[in-house]
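Structural overview
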Amino acid sequence: PPPPPPPPFRKILIANRGEIACRVLRTARAHGIPTVAIYSTADVKSAHVSLADEAVCIGPPASSESYLDIDKVCRAIEETGAEGVHPGYGFLSENARFAERVEAMEVNEGPHGGPTGVETNEEKKKEKEKEKEK
């Protein structure tokens, strides 16, 4: 049989924490993709940090000063040389500004597929809210 194809990324950063991050980390490992976890000072001993090949502290426990800080997350992407970023769920996963910034860095963002995918998801949410109001 032919050899398996090379992984799509040489390294992927998971911009989340907890079980979501652990699932993404395990999947990336199964596909031979090296991983980077980000964490706040409160999460230094969390499972997602120990599962990752690399880990970068991005700030204090308050998510507004760590996981939601686009500049800090993008700095971690640059510092580690990650070619892809998986936002998980919540935090920056549906933030079009984050998706645009990552796209401008020429880093692949998934699973939403960049700013257009995020904007589409935001529009779907708004439509559902309008339906509930009726």
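Our structure is the block above this text.
Report on the accompanying structure. All values derive from a computational prediction rather than experimental measurement.

1. Details of the overall build of the protein chain
A count of helical and extended segments in the protein chain gives five helices and five strands. Going from N to C terminus, the protein chain has its helices and strands arranged as β-α-β-α-β-α-β-α-β-α. Looking at the protein chain residue by residue over its 134 residues, the buried ones come to 40%. In the protein chain, of all internal contacts separated by at least 6 residues, the share reaching a separation of at least 24 is 49%. For the protein chain, the exposed surface amounts to about 7,800 Å²; the carbon and sulfur share of it is 51%.

2. Some remarks on the sheet that holds strand β4 (residues 84-86)
Taken together, five strands build an open sheet; the order of strands is β3-β2-β1-β4-β5 and the sheet is parallel. Looking at strand neighbours, the two that pair on one side only are β3 (54-59) and β5 (108-109), the edges of this open sheet. Across five bridges, the pairing between strand β2 (residues 35-40) and β3 is parallel. Among the inter-strand pairings, S40 is bridged to a residue of β3, identified as G59. Along the sheet, helix α1 (residues 18-30) contacts β1 (12-14), β2 and β4; its crossing angle with β1, the most-contacted strand, is approximately 160 degrees. Sitting on the sheet, helix α3 (residues 70-80) touches β1, β2, β3 and β4, and the angle it makes with β3 is about 150 degrees.

3. Some words on the packing of aromatic side chains
Following the criterion strictly, the structure yields one aromatic pair and no others. Measuring from ring centre to ring centre gives 5.0 Å for Y67 and F91, while their planes differ by 20 degrees; the resulting arrangement is stacked. Here F91 lies in the loop between β4 and α4 (96-104) and Y67 lies in the loop between β3 and α3, a separation of 24 residues in the sequence.

4. Comments concerning the pattern of salt bridges
Under the defined criterion, the tally for this structure stands at six salt bridges. E83 is paired through a salt bridge with R10; the nearest N and O atoms lie 2.6 Å apart. Pair noted here: E83 is in the loop between α3 and β4 and R10 is in the segment before β1, with a separation of 73 residues, a long-range link. Residue classification places R10 among the exposed residues on the basis of a relative accessible area of 65%. Ionic pairing is found between R101 and D71, a salt bridge with its closest N-O pair at 2.7 Å. Within this pair, whereas R101 is found in helix α4, its partner D71 is found in helix α3, the two being separated by 30 residues in sequence. Since its relative accessible area comes to 34%, R101 is described here as partly exposed. Residue D71 is classed as partly exposed on the basis of its relative accessible area, which comes to 41%.

Rules of the game
- Residues numbered from 1 in each chain as written.
- Predicted model: local features only at pLDDT ≥ 70, side-chain atom pairs only at ≥ 80, totals over all residues.
- Heavy atoms only, no water.
- Helix = DSSP H or I, 4+ residues; strand = E, 2+ residues; numbered from the N terminus.
- Buried < 20%, exposed > 50% of the residue type's maximum accessible area, 1.4 Å probe, protein only.
- Contact = heavy atoms within 4.5 Å.
- Areas by Shrake-Rupley, 256 points an atom, 1.4 Å probe, with all protein chains shown as cover.
- Pairing = 2+ DSSP bridges.
- Axes fitted to C-alpha atoms, helices over the stretch in contact; angles between N-to-C directions.
- Phe/Tyr/Trp six-rings, centres within 6.5 Å; stacked < 30°, edge-to-face > 60°.
- Salt bridge = Lys/Arg side-chain N within 4 Å of Asp/Glu carboxyl O.

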